[in-house]
Amino acid sequence: MAAMAGLKPEHFLWRMEGSVALVQLDRPDRKNPLTFDSYAELRDMFRALPYADDVDAVVFLPNGGNFCSGGDVHDIIGSLVGRDMKGLLAFTRMTGDLVKAMLNCQKPIVAAVDGVAVGAGAIIAMASDIRLATPEAKTAFLFTRVGLAGCDMGACAMLPRIIGQGRAAELLYTGRSMSGEEGERWGFYNRLVETGQLEAEALALAARIASGPTFAHGITKTQLNQEWSMGLEQAIEAEAQAQAICMQTRDFKRAYRAFVEKKTPVFEGD
C-alpha cells in the first residue's frame, strides 16, 4: 500500500483532513474548467487511490463559488476541432477513464457542488457516490449546446439510474440547467446546504463515512457499481461472497466485541 497525503498535483488542489482527501480544481477565475492535463492528472490520482492506505474518503469541493465549468473552450474544444478520428477517440476515452477511475477507486466520494457544475463538471458530480449542493448550484449536461450527443462519459447509463429515464432524457436532450432545488427533488442531490456550510457539511459526512469499516465500504462501492449489470440472483450470490469476505475482517470482530461490552466500535479498516 502507498501513502498519498504528500501528493503534490500540478493541476488541482489536494489536501488531507485526517483520512479524508479534499480535491479542488484551481482556476476559479474561469469557473474551474478542465484541461487535457487536469483530466489526466485527476484520472491518475483516482487510479492510485485503491492502493492508498491513508485515504478513506474523498470530497470534491468547489473553488471560488463554482464547482467546474466543464472542458476549457480554448484548451480543449478549440484543439479538438482540428483532430482526426483517432485523436478524438483518444480524448473521449481519456475522459471516460476519469469516470471509470472514480467508480473503481474503492473510496466513497462526496461531491460538494456550488455555482456552476456543467458538462464534465456535472459528470464528476454524477460519478460521485453522494452529492451535496447549495441552493445556488446550477447543473447542466450541456453537450448538445456544442453540437454533441448527450451520451458523454457514461451519462446515458448513470443519470437515468439516479433521477429516472424521462428526467435524464430531458436534461441530456436540452442541455438546460437543473437548479439546486430541482436536483434535490429529483434525487440527484442528497440534500441542499447553505453556501457557508457546504464544505463543513461535506467534510463531516465524509469523516463520518471514513470512521466506519473502510475495507467494507470499498466492498460496498464495488458492489454498487458491479451489480448494475447483474441479474438479481447473481447479485444476491455476489453479495453473499462479499459479506463472507467482510466477516473475516478484524473490524467485524471489533464490532462484536464492542456490542458485547456495550461500547461504540472503533473501526481500523482491516
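An unreviewed UniProt entry annotates the chain as Enoyl-CoA hydratase echA12 originating from Nitratireductor thuwali. Taken from UniProt, the Sequence similarities (unreviewed entry) comment for the chain reads in full: "Belongs to the enoyl-CoA hydratase/isomerase family."

Okay, the packing of aromatic side chains next. Two aromatic rings are characterised by how far apart their centres lie and by the angle between their planes. A full pass over the atoms with the stated rule returns five aromatic pairs. Measuring from ring centre to ring centre gives 5.8 Å for Y39 and F91, while their planes differ by 85°; the resulting arrangement is edge-to-face. Remark: F91 occurs in helix α3 (residues 85–103) and Y39 occurs in helix α1 (residues 36–48); sequence separation between them is 52 residues. Accessibility classification places Y39 together with F91 in one group, the buried group. Taking 6.2 Å as the distance between ring centres and 90° as the angle between the ring planes, the aromatic pair formed by F141 and F188 counts as edge-to-face. Of this pair, F141 sits in the loop between β7 (138–140) and α5 (155–163) while F188 sits in the loop between α7 (180–186) and β9 (191–192), and the two are 47 residues apart along the sequence. As far as burial versus exposure is concerned, F141 and F188 are alike and both buried. The cationic tip of R131 hangs over the ring face of F188; the distance from NZ or CZ to the ring centre is 4.9 Å. In this structure, R161 is placed above the aromatic ring of W228, and the distance from its NZ or CZ to the ring centre is 4.4 Å.

Further remarks concern the sheet that holds strand β5 (residues 116–118). Taken in spatial order, the three strands of this open sheet run β5-β7-β8, and their pairing is mixed. Each of the sheet's edge strands pairs with one partner strand only, and the pair in question is β5 and β8 (177–179). Direction aside, neighbouring strands of the sheet carry axes that sit 25° apart on average. Note that β5 and β7 share three bridges and pair parallel. Across the sheet, residue V118 finds its bridge partner in β7, namely A140. Together, β5 and β7 form the strand contacts of helix α4 (residues 120–127), whose direction differs from that of β5 by roughly 90°.

Before going further, it helps to examine the packing of α4 against α5. Running from N to C, α4 and α5 cross one another at 55°; their axes reach a closest spacing of 10 Å. One element, α4, and the other, α5, form an angle in the oblique class. By crossing handedness, the relation of α4 to α5 is classed as left-handed. Counted together, I123, M126 and A127 of α4 and A155, M158, L159 and I162 of α5 form the full contact between these two elements. Considering only residue class, the contact of α4 with α5 consists of seven nonpolar, no polar and no charged.

This next bit is on the packing of helix α9 (residues 214–226) against helix α10 (residues 232–246). Angle between the axes and distance between the axes: these two values describe a pair of packed helices. Contact geometry of α9 with α10 gives a least axis separation of 10 Å together with a crossing angle of 170°. Looking at the two axes, α9 sits roughly antiparallel to α10. Contact residues: F215, A216, I219 and Q223 in α9; A238, E239, A242, I245 and C246 in α10. Partitioning the contact of α9 with α10 into residue classes produces seven nonpolar, one polar and one charged.

What follows is about the pattern of salt bridges. Taken as a whole and assessed by the stated rule, the structure comprises 17 salt bridges. One salt bridge connects E199 with R15, and the closest N-O pair in it is separated by 2.5 Å. With E199 in helix α8 (residues 198–210) and R15 in strand β1 (residues 12–17), this pair connects stretches of sequence that are 184 residues apart. Owing to a relative accessible area of 36%, E199 belongs among the partly exposed residues under this scheme. The shortest N-O distance in the salt bridge between D270 and R250 comes to 3.5 Å. Highlighted residues: D270 in the segment after α11 (250–260) and R250 in helix α11, separated in sequence by 20 residues. One network of salt bridges, with partners in common, ties together R250, D251, R254, E268 and D270.

Basis of the calculations
Residues numbered from 1 in each chain as written. Predicted model: local features only at pLDDT ≥ 70, side-chain atom pairs only at ≥ 80, totals over all residues. Heavy atoms only, no water. UniProt positions renumbered as here; feature names shortened; annotations may be inferred. Phe/Tyr/Trp six-rings, centres within 6.5 Å; stacked < 30°, edge-to-face > 60°. Helix = DSSP H or I, 4+ residues; strand = E, 2+ residues; numbered from the N terminus. Buried < 20%, exposed > 50% of the residue type's maximum accessible area, 1.4 Å probe, protein only. Lys NZ or Arg CZ within 6 Å of the ring centre and 35° of its normal. Pairing = 2+ DSSP bridges. Axes fitted to C-alpha atoms, helices over the stretch in contact; angles between N-to-C directions. Contact = heavy atoms within 4.5 Å. Parallel < 35°, antiparallel > 145°, perpendicular 65-115°, else oblique. Left-handed = near helix turned anticlockwise from the far one by under 90°. Nonpolar A, V, L, I, M, F, W, Y, C, P; charged D, E, K, R; others polar. Salt bridge = Lys/Arg side-chain N within 4 Å of Asp/Glu carboxyl O.

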